Amino acid sequence: MTYAITQTCCSDATCVSVCPVNCIHPTPEEPDFGRTEMLYIDPKSCIDCGACADACPVEAVFPVDSLPAAQARYGPINAEYFAGREPGQDPEGPNFHVWGEPTFKRSLPSDFAPLRVAVVGTGPAGMYAAEDLLLHTSAEVTLIDRLPVAGGLIRYGVAPDHLSTKKAGDTFARFHTHPRVRMHLGLEVGRDITPEELAAHHDAVIYAVGAPAGRQLGIPGEDLPGSICATTFVSWYNAHPEVAADAVDVSAERVVVVGNGNVALDAARILVSDPGALAKGDIAHHALEALRAGSVREVVLLGRRGPEDAAYTASELLALKHLEGVELVVDDHDPRTGAAIDAAAPGDRAALLRDAARETVDWSRPPVEGRRIVFRFHSAPLEAVGRGAVGAVRVTDGPGGTSGREIPAGLLLRAVGQRGLPLTGLPFDEASGTVPHESGRVAGRPGTYVVGWIKRGPSGGIGANRTCAAETVGTLLEDAVGGALPAPEHGAKAFQRLARRRNRRLVDARGLAEIERVELALGRRDGRPRVKLATVPELVAAAKGGRRRIPG
């Protein structure tokens, strides 16, 4: 019996480091690492030890023989990756070669004074950086987030029905109460404190603030009510406190989603899923109630290019194929679409649509009975049409893409990518939406570093941040040893006093634990894994412990 990696793979390569026979690829040392959709286990080399399953932070590794029906395809997917490839192992086995002297790439001399490092952002990028510093050095870490709760992308970006993926947060949570960590949640750099004040109290500052802004389509009407960015929709169903409970109207029967990446597929899946199934996750209470009362029966996924160039991963498409009561349809309006699907080789993403129904959809008619997702490739948005609100989306139609066709829809979601926003006091590249840097070191700002999407742009999932953080932390430690870090002007206690003066509603590690307790208790009351608190006042009140009663 061999093991296989499945849909929720986060590619952080923890499994690679514990595998005794080097059967998991690509490894961080191989060129394909970060370029493949996930990691894969070679069934010919796997010895069934289960070390990878024990180490996986997102519970993505299972014995092939025990995969449920919805995950069964991942046995062949793992094997297909190695077809025609050399195993890439030492023929004598990794346990029998002569080991060289160990090297520690990210460390400081034993007599080096502990550094004080501030990490701005508590999502995966920031927490991987904090983890590196805490495990490899004696550094003291200040965790800062503008929201009164930690988690970043894991809490507010991962879909609520992907609970296994959210388990990556458990790995990071163990560092929230680390004796060398001080946590200041609800503290915003640029509002409560300046970057200069933050730098004056620390040897170095790492910014891990992500790419929160959605890209625009640049078409007429996209600012109409009923046209929203997919990041807003994701934040809405994940109970982000900066998105109101009534920010999304799901009363329309048809929704058009522009884009065919994973975010677009997530949005489509949430819109047509059975609310009873969604209730088994941690979807926001207001979103769950809205979807229960909503009317969405059809989601149209609009892609400029063909199915062979789709940006979603195979695992996200496979997840759609197992939605109970939901039909997948390919709009056959352009002959190139069907030709690409039929010509796709086994293992290609386009081939996964081969068993989907094909029809030339009559958009003048209302959606058919039941629930379905329609893939419309080779079609780009031209205009959001409506009087006072979106009523239809005009799109290109047919092989030349010159003629237009209106698709009636009451909601338009723009899922065409994200970008970073300028940070007060830091340089910013408008073209890429990132902070200019050299291996994480911010140009012209000694002691200032970036990690994650604000560093490299919005690419890669949770695990991609591990290697990104390793590079940034390595650069920081190199600067420390080289004497390039400016000495802080004030001590750690001085920063704590400053932060408390500037914002009296800050949440620390103890308060974060109280938020966790309250949300889990609310979940038990409602028969759900968790009910998220959705506003800043609720979160802050819960952090105060006994001051917030849990409704009966």
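Residues numbered from 1 in each chain as written. Predicted model: local features only at pLDDT ≥ 70, side-chain atom pairs only at ≥ 80, totals over all residues. Heavy atoms only, no water.

Visitor: Which residues make up the overall build of the chain, and what are the values?
Guide: A tally of regular secondary structure across the chain gives 19 helices and 23 strands. Projected onto its principal axes, the C-alpha coordinates of the chain cover approximately 75 × 60 × 50 Å. Here the chain holds 552 residues, and 53% of them are scored as buried. Long-range pairs, those at least 24 residues apart, make up 75% of the contacts in the chain with a sequence separation of at least 6. A total accessible area of about 24000 Å² is found for the chain, and carbon and sulfur atoms account for 51% of it. Taking the average location of the 60 positive side-chain charges in the chain and that of its 68 negative ones, the two points are 7 Å from each other. (Helix = DSSP H or I, 4+ residues; strand = E, 2+ residues; numbered from the N terminus. Buried < 20%, exposed > 50% of the residue type's maximum accessible area, 1.4 Å probe, protein only. Contact = heavy atoms within 4.5 Å. Areas by Shrake-Rupley, 256 points an atom, 1.4 Å probe, with all protein chains shown as cover. Lys, Arg positive; Asp, Glu negative; His and termini not counted. Charge placed at Lys NZ, Arg CZ, Asp CG, Glu CD.)

Visitor: Requested: an account of the sheet that holds strand E10 (residues 227-229), with residues and values cited.
Guide: Reading across the sheet, the 7 strands line up as E10-E19-E11-E12-E15-E13-E14 and stay open at both edges, with parallel pairing between neighbours. Each edge of the open sheet carries a strand with a single partner, namely E10 and strand E14 (357-359). In this sheet, adjacent strand axes meet at a mean angle of 25 degrees when their direction is disregarded. Strand direction decides the pairing type here: strand E12 (residues 298-302) and strand E15 (residues 371-376), joined by 5 bridges, are parallel. Across the sheet, Glu-298 pairs through a bridge with Arg-372, a residue of E15. Packing against the sheet, helix H10 (residues 262-272) makes contact with strand E11 (254-258), E12, strand E13 (326-331), E15 and strand E19 (411-414), and its axis sits at approximately 170 degrees to E12. (Pairing = 2+ DSSP bridges. Axes fitted to C-alpha atoms, helices over the stretch in contact; angles between N-to-C directions.)

Visitor: Residue-level account of a positive patch on the surface, with values.
Guide: Together, Lys-493, Arg-497, Arg-501 and Arg-504 line one region of the surface with positive charge. Summarising the element assignment, Arg-501 is placed in helix H17 (residues 492-502). (Patch = residues over 30% accessible without salt bridge, like charges linked within 9 Å, V, L, I, M, F, W, Y side chains within 5 Å. Salt bridge = Lys/Arg side-chain N within 4 Å of Asp/Glu carboxyl O.)

Visitor: For the packing of aromatic side chains, give the residues involved together with the corresponding values.
Guide: Ring pairs (aromatic) are described by centroid distance and by the angle formed between their planes. The full count for this structure, using the stated rule, is 7 aromatic pairs. For the pair Tyr-312 and Phe-375, a centre-to-centre distance of 6.2 Å together with 65 degrees between the ring planes defines the contact as edge-to-face. Placement of the pair is Tyr-312 in the loop between E12 and helix H13 (314-321) and Phe-375 in strand E15, with a sequence separation of 63 residues. Here Tyr-312 and Phe-375 have matching classes, each one buried. Aromatic pair Phe-375 and Phe-377: ring centres 5.9 Å apart, planes at 15 degrees, arrangement stacked. Through a chain of ring-to-ring contacts, three or more aromatic side chains come together here, namely Tyr-40, Tyr-81 and Phe-82. (Phe/Tyr/Trp six-rings, centres within 6.5 Å; stacked < 30°, edge-to-face > 60°.)

Visitor: Tell me about unusual backbone geometry, residues and numbers included.
Guide: For the bond running from His-25 to Pro-26, omega is -5 degrees, close enough to zero to count as cis. In this structure, Pro-26 sits in the loop between strand E2 (24-25) and strand E3 (40-41). A positive phi angle is found at Asn-22, which is not glycine, with a value near 55 degrees. Looking at where Asn-22 falls in the secondary structure, it is placed in the loop between helix H1 (14-18) and E2. For Asp-48, which is not a glycine, the phi torsion comes out positive at approximately 65 degrees. With respect to the helices and strands, Asp-48 occurs in the loop between E3 and helix H2 (51-55).

Visitor: So, the pairing of E12: which residues are in play, and what are the values?
Guide: Of all 5 residues making up E12, 5 are buried, and the element is well covered by its neighbours. Across the two faces of E12 the burial is the same, with Glu-298, Val-300 and Leu-302 and Val-299 and Leu-301 all buried. Strand direction decides the pairing type here: E11 and E12, joined by 5 bridges, are parallel. By the bridge assignment for E12, Val-256 is matched with Val-300.

Visitor: I'd love a proper account of the packing of helix H18 (residues 509-526) against helix H19 (residues 536-543), names of residues and values included.
Guide: Running from N to C, H18 and H19 cross one another at 105 degrees; their axes reach a closest spacing of 7 Å. Judged by the angle between their axes, H18 and H19 are roughly perpendicular. Mapping the contact onto sequence places Gly-511, Glu-514, Ile-515, Val-518 and Glu-519 in H18 and Leu-539, Ala-542 and Ala-543 in H19. Tallied by class, the residues present in the contact of H18 with H19 amount to 5 nonpolar, 1 polar and 2 charged. (Parallel < 35°, antiparallel > 145°, perpendicular 65-115°, else oblique. Nonpolar A, V, L, I, M, F, W, Y, C, P; charged D, E, K, R; others polar.)

Visitor: Report on the sheet that holds strand E18 (residues 403-408), specifying residues and quantitative values.
Guide: Pairing is antiparallel across the open sheet formed by 3 strands, whose spatial order is E16-E17-E18. Each of the sheet's edge strands pairs with one partner strand only, and the pair in question is strand E16 (381-385) and E18. The sheet shows a mean angle of 25 degrees between the axes of neighbouring strands, taken without regard to direction.

Visitor: I'd like a rundown of helix H3 (residues 74-81), residues and numbers included.
Guide: The complete set of buried residues in H3 reads Tyr-74, Gly-75, Ile-77, Asn-78 and Tyr-81. Seen end-on, H3 carries its buried residues on one side only, within an arc spanning 165 degrees. Contact partners of the buried residues in H3: strand E1 (3-5), E2, E3 and H13. (Arc of directions from axis to C-beta.)

Visitor: Go over the packing of H10 against H13, please, and point to the residues and values.
Guide: Viewed as axis vectors pointing N to C, H10 and H13 meet at an angle of 15 degrees, and their least axial separation amounts to 10 Å. In this view, H10 runs roughly parallel relative to H13, as classed from their interaxial angle. Here H10 and H13 pass one another in a crossing that is left-handed. Residues Asn-262, Leu-265, Asp-266 and Arg-269 of H10 lie in contact with H13, whose contacting residues are Glu-316, Leu-317 and Leu-320. Looking at the contact of H10 with H13 residue by residue, the classes come out as 3 nonpolar, 1 polar and 3 charged. (Left-handed = near helix turned anticlockwise from the far one by under 90°.)

Visitor: Any details on the confidence of the model for the chain? Residues and values, ideally.
Guide: This prediction gives the chain a mean pLDDT of 92; 95% of its residues lie at or above 70. Predicted confidence is poor over residues 89-94, with pLDDT under 50, and the contacts of this stretch with residues over four places away or in other chains come to 9 contacts. (pLDDT = per-residue confidence, 0-100.)

Visitor: Which residues make up the pattern of salt bridges, and what values go with them?
Guide: What the rule picks out here adds up to 39 salt bridges. The partner of Arg-297 in a salt bridge is Glu-253, and the shortest N-O contact between them spans 2.9 Å. Highlighted residues: Arg-297 in the loop between helix H12 (285-293) and E12 and Glu-253 in the loop between helix H9 (230-237) and E11, separated in sequence by 44 residues. Residue class for Arg-297 comes out buried when judged on its relative accessible area of 18%. Relative accessible area serves as the criterion here: at 34%, Glu-253 is assigned to the partly exposed category. Of the charged contacts, one joins Glu-430 and Arg-419 as a salt bridge, the two residues approaching to 3.2 Å between their closest N and O atoms. Residue Glu-430 is found in the loop between strand E20 (418-419) and strand E21 (437-438), and its partner Arg-419 is found in strand E20; the two are separated by 11 residues along the sequence. When its relative accessible area of 52% is taken as the criterion, Glu-430 is described as exposed. The class of Arg-419 is buried, set by a relative accessible area of 16%.

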